[in-house]
Amino acid sequence: MARYFDVHPNSPQPRLIGQVVETLQKDGLIAYPTDSCYALGCRLGNREGLERIREIRGLGSDHHFTLLCRDFSQFGQLVHLSNALFRSVKAATPGGYTFILPATKEVPRRLLHPKKKTVGVRIPDHVVTQALLAELGEPLVSSTLLLPDEAEPLTQGWEIKERLDHVVDAVIDSGECGATPTTVVDFSQGEAEILRYGTGDPSLFE
């Protein structure tokens, strides 16, 4: 049964954030809000958590997982960025963008696209998510909480608790979350290619 955390959207309670991080550190899987929509998350080294996300979402081996980073210090450890790309990405973050970039050796192979050796990375603009990342001290493996055969992600914490009670370990509720995923920009070939239109303004990369 999943633990339910009612977290203040503007002033996250440190005690509750700490308890969620404890769950993550014990290789738990959480459902949490972001600046785009709810997501499933686990620690970078949590192999079982990754498979649980695949199972819940019905994902294939070519799915691009996203690594949520607290800041550019973490970001830069995970992906290769030229100076020109760095400026473009920095101008759009934090915010509703996921960037597909060549991964460094810091990223486990199981998280990479099998052919391109790329990974999704982003820095969220969400108080609760940032508090979680700060306390955790490392990136969070993340995937939009979109269930198989459903058109839109789940948006309410109580509903997620009800429907995923036996497949996740914790649910964070900090009020209603959006239903629009991030804008995905693929930089793996050097030029910007928009793979998905979402919350981030695409005109910055068109």
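Procedures and definitions
- Throughout, residues of each chain are indexed from 1 in the direction in which the sequence is written.
- This being a predicted model, a pLDDT of at least 70 is required before a residue's local features are given, and a value of 80 or more before pairs of side-chain atoms are given or counted; all residues contribute to the totals for chains, interfaces and linings.
- The basis for every side-chain value is the complete set of heavy atoms in the structure, and neither hydrogens nor water enter the calculation.
- Each helix is a run of DSSP H or I of at least 4 residues and each strand a run of E of at least 2, with the numbering of both proceeding from the N terminus.
- Counted as salt bridges are all cases of a side-chain nitrogen of Lys or Arg within 4 Å of a carboxyl oxygen of Asp or Glu.
- Each residue gets one of three labels from its accessible area relative to the maximum for its type: buried under 20%, exposed over 50%, partly exposed in between, using a 1.4 Å probe on protein chains only.
- Note on aromatic contacts: the rings of Phe and Tyr and the six-membered ring of Trp form a pair at centre separations within 6.5 Å, being stacked when their planes are under 30 degrees apart, edge-to-face when over 60 apart, and tilted otherwise.

Asks: I'd like a description of unusual backbone geometry, backed by residues and values.
Replies: In this chain, Thr93 is followed by Pro94 through a cis amide linkage whose omega measures -5°. Topologically, Pro94 is positioned in the loop between α4 (83–91) and β5 (97–102). The residue Lys117 is not glycine, and still its phi comes out positive at about 60°.

Asks: Tell me what's going on with the pattern of salt bridges, and back it up with residues and numbers.
Replies: Following the criterion strictly, the structure yields 8 salt bridges and no others. Between Glu51 and Arg54 there is a salt bridge, and its shortest N-O distance comes to 3.7 Å. Residue Glu51 and its partner Arg54 are both found in helix α2 (residues 47–57); the two are separated by 3 residues, about one turn of the helix. Owing to a relative accessible area of 43%, Glu51 belongs among the partly exposed residues under this scheme. A salt bridge links Asp169 to Arg52; its shortest N-O distance comes to 3.0 Å. With Asp169 in the loop between α6 (157–163) and β8 (170–173) and Arg52 in helix α2, this residue pair connects regions lying 117 residues apart in the sequence. Overall, the relative accessible area of 29% leaves Asp169 in the partly exposed class.

Asks: Lay out the packing of aromatic side chains in plain terms, naming residues and giving numbers.
Replies: The description of two aromatic rings rests on the distance between their centres and on the angle between their planes. For the coordinates displayed, the defined rule picks out 7 aromatic pairs. Ring geometry for Phe72 and Phe86: centres 5.1 Å apart, planes at 65°, overall edge-to-face. You can see Phe72 sitting in helix α3 (residues 72–78) and its partner Phe86 sitting in helix α4, a full 14 residues away along the chain. Given a relative accessible area of 17%, Phe72 falls into the buried group. Between Tyr97 and Phe99, the aromatic rings sit 5.9 Å apart at their centres with planes inclined by 15°, giving stacked as the arrangement. Accessibility expressed as a relative area gives 5% for Tyr97, which makes it buried.

Function cannot be inferred from these measures alone, as they are strictly geometric.
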